[in-house]
Amino acid sequence: MEITVQQYKHCDLLAVKGKVDSFTAPELSSSIEKINNDGRFRIVLDLKELDYMSSAGFRALLVGQRNCKRYNRGEIVLARVPKKIMEALELTGFTPLFKIYDDVTEAVGYF
Amino acid sequence: MRTLIFPAQFGQLEIVRQFTRQAAADAGLDERSICAVEMAVDEACSNIIEHAYEGMRDGEIECTCEYDKESFIVILRDHGRAFDMLKVPEPDFDASLEERQVGGLGVYLMRHLMDEVRYDHLGEAGNVLTLVKRIKKAK
C-alpha cells in the first residue's frame, strides 16, 4: 500500500494505492490521524488505484470518519471507488456513511 | 489439492490471498468468485490471527484448497484456542456512525461471500474452518 497526501486550502487529498488489509490498515489509520493531529478534518480519499480492501480497511475508514465528523469539524469523502470495492462497501452497509464522488475535483469542491 | 502452511501473522495475508486466488483460478472459478474467495480467506485468517492466536507466538495456519465439479473448498486449520467466529454477532447496519461497532464486519463479509462456512473444534487437533464456494464456470 502507498499513500500520498496533498494539502489543499479547504481539505487534504489522500490517494491510497495498492492493497489495504489487516497488515497495512494501521498505516492508513495513522495517515488520517496525522492529518487530524494537524487540526485538519476535511479529507478526500482518492481510491482510484486501490486494488483491494478488506474489513480492516473499512474499520480504518469508520474510525476516521467518526473522528473527522466529531463536533462538525469535518468529514471524509470518497472519490473514484473501484467497482469491486464499492460492492464490498455496499455489502457491509458502509455507503450511507460516506459521500462518494466519481471525480476528485468534484470531491475536493464539496469542501 | 494444494496446501500452504504459513506463520499466523498479518504480513502473510498477501501470500495467502495469492495462493487461494491461483487455486481458485485453476479450479475454473469466474473472476467475481475468485475475488470473493480471496477476500473470505483473508477475513478468516485475520480472525484466526487476531482471536484464536491472540497473545500467542509461533502459531501457524494451514490452508488447503481443493475442488470437484461443483465446489471449490478452502480448509483452514490452526492450533490456537477454540474460537468459533461464526458465533460473532452480525453488525447492526442501522446503527448511526457514532454507534456503529467496528467488530464483526470481516465475519459478516466472509459468510456472505461464500456459499457455506463450517467451523469444527477438534480438541488437540485444533480448529478447522471450511469455506465452500460453488463453481460457476467462467464464460
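All values derive from a computational prediction rather than experimental measurement.

(A) Here's a closer look at helix α3 (residues 83-91) of chain A. When α3 of chain A is considered as a whole, its buried residues turn out to be I85, A88 and L89 of chain A. Projection of α3 of chain A onto a plane perpendicular to its axis shows the buried side chains occupying an angular sector of 100°, all on one side. Buried residues along α3 of chain A sit in contact with β4 (50-53), α2 (55-69) and β5 (75-79) of chain A together with α2 (31-52) and α3 (105-113) of chain B.

(B) Representation of the sheet that holds strand β5 (residues 127-134) of chain B in the model. Residues and elements named next belong to chain B. Read from one edge to the other, the open sheet built from 5 strands follows the order β1-β2-β3-β5-β4, with strand pairing classed as antiparallel. One side of each edge strand has no neighbouring strand; the edge strands of this open sheet are β1 (2-7) and β4 (116-121). Within the sheet, the average angular offset between the axes of one strand and its neighbour, ignoring direction, is 15°. Looking at chain direction, β1 and strand β2 (residues 60-67) are connected through 6 bridges and run antiparallel. Among the inter-strand pairings, P7 is bridged to a residue of β2, identified as E60. Here helix α1 (residues 13-26) sits on the sheet in contact with β1, β2 and β3 (71-78), set at roughly 170° to β1.

(C) The arrangement of the nonpolar core in detail. The biggest cluster of nonpolar side chains holds 72 residues, and the ones touching the most others in it are L28 of chain A together with F72, L76, M110 and L131 of chain B. L13, Y101, V104 and A107 of chain A belong to the second-largest nonpolar core, a separate cluster that totals 10 residues.

(D) Expanded view of the interface of chain A and chain B. In this complex, chain A contributes 24 residues to the contact, which on the side of chain B involves 26 residues. Between chain A and chain B lies a buried interface of about 2200 Å² when both sides are counted; carbon and sulfur atoms form 61% of it. Seen at the junction of chain A and chain B, the total is 4 salt bridges. Note that R70 of chain A is salt-bridged to E98 of chain B, the shortest N-O span being 3.9 Å. Where chain A touches chain B, the interface holds 9 residue pairs in polar contact (both at pLDDT 80 or more). When contributions to the side of chain A that touches chain B are tallied by element, the ones reaching two or more residues are β4, α2 and α3 of chain A. No other element matches the 8 residues that α2 of chain A contributes to the side of chain A that touches chain B. Taken together, the residues of the side of chain A that touches chain B break down into 10 nonpolar, 6 polar and 8 charged.

(E) Structural view of unusual backbone geometry. Here Y71 of chain A, not a glycine, exhibits a phi torsion of approximately 55°, which is positive. Along the polypeptide, Y71 of chain A turns up in the loop between α2 and β5. Residue Y71 of chain A is classed as exposed on the basis of its relative accessible area, which comes to 70%. One non-glycine residue, D58 of chain B, adopts positive backbone phi at about 65°. By secondary structure assignment, the location of D58 of chain B is in the loop between α2 and β2. Residue classification places D58 of chain B among the exposed residues on the basis of a relative accessible area of 79%.

(F) Quick look at the pattern of salt bridges. Enumeration over the complete set of coordinates arrives at 17 salt bridges over all chains. Between E14 of chain B and R17 of chain B there is a salt bridge whose closest N-O contact spans 3.5 Å. Of the two residues, E14 of chain B and R17 of chain B both sit in helix α1, 3 residues apart, roughly one turn of that helix. Under the relative-accessibility criterion, E14 of chain B is labelled partly exposed at 27%. The buried category is assigned to R17 of chain B, whose relative accessible area is 1%. A single salt-bridge network, built from bridges that share partners, covers K19 and D21 of chain A together with E14, R17, R21, E31, E38 and D42 of chain B.

(G) Examining the side chain of T64 of chain B more closely. Residues and elements named next belong to chain B. Mapped onto the elements, T64 comes out in strand β2. Looking at T64, its side chain comes within polar contact range of the side chain of T3, at 3.0 Å. Excluding its chain neighbours within four sequence positions, the residues that come into contact with T64 are M1, R2, T3, I73, V74, I75 and R77.

(H) Structural detail: the packing of helix α1 (residues 25-37) of chain A against α2 of chain A. All names here are of chain A. Running from amino to carboxyl end, α1 crosses α2 at an angle of 15°, the nearest separation of the two axes being 8 Å. If you check the angle between α1 and α2, you find them roughly parallel. For the pair α1 and α2, the crossing hand works out as right-handed. Contacts from A25, L28, S29, I32 and N36 in α1 reach A56, G57, A60, L61, G64, N67 and C68 in α2.

Calculation criteria
- Residues numbered from 1 in each chain as written.
- Chains lettered and ligands numbered in written order.
- Predicted model: local features only at pLDDT ≥ 70, side-chain atom pairs only at ≥ 80, totals over all residues.
- Heavy atoms only, no water.
- Buried < 20%, exposed > 50% of the residue type's maximum accessible area, 1.4 Å probe, protein only.
- Helix = DSSP H or I, 4+ residues; strand = E, 2+ residues; numbered from the N terminus.
- Arc of directions from axis to C-beta.
- Contact = heavy atoms within 4.5 Å.
- Pairing = 2+ DSSP bridges.
- Axes fitted to C-alpha atoms, helices over the stretch in contact; angles between N-to-C directions.
- Core = buried A, V, L, I, M, F, W, Y, C linked by side-chain atoms within 4.5 Å.
- Buried area = accessible area lost by both parts, 1.4 Å probe.
- Salt bridge = Lys/Arg side-chain N within 4 Å of Asp/Glu carboxyl O.
- Polar contact = N/O pair within 3.5 Å; in protein donor to acceptor, adjacent residues only side chain to side chain.
- Nonpolar A, V, L, I, M, F, W, Y, C, P; charged D, E, K, R; others polar.
- Parallel < 35°, antiparallel > 145°, perpendicular 65-115°, else oblique.
- Left-handed = near helix turned anticlockwise from the far one by under 90°.

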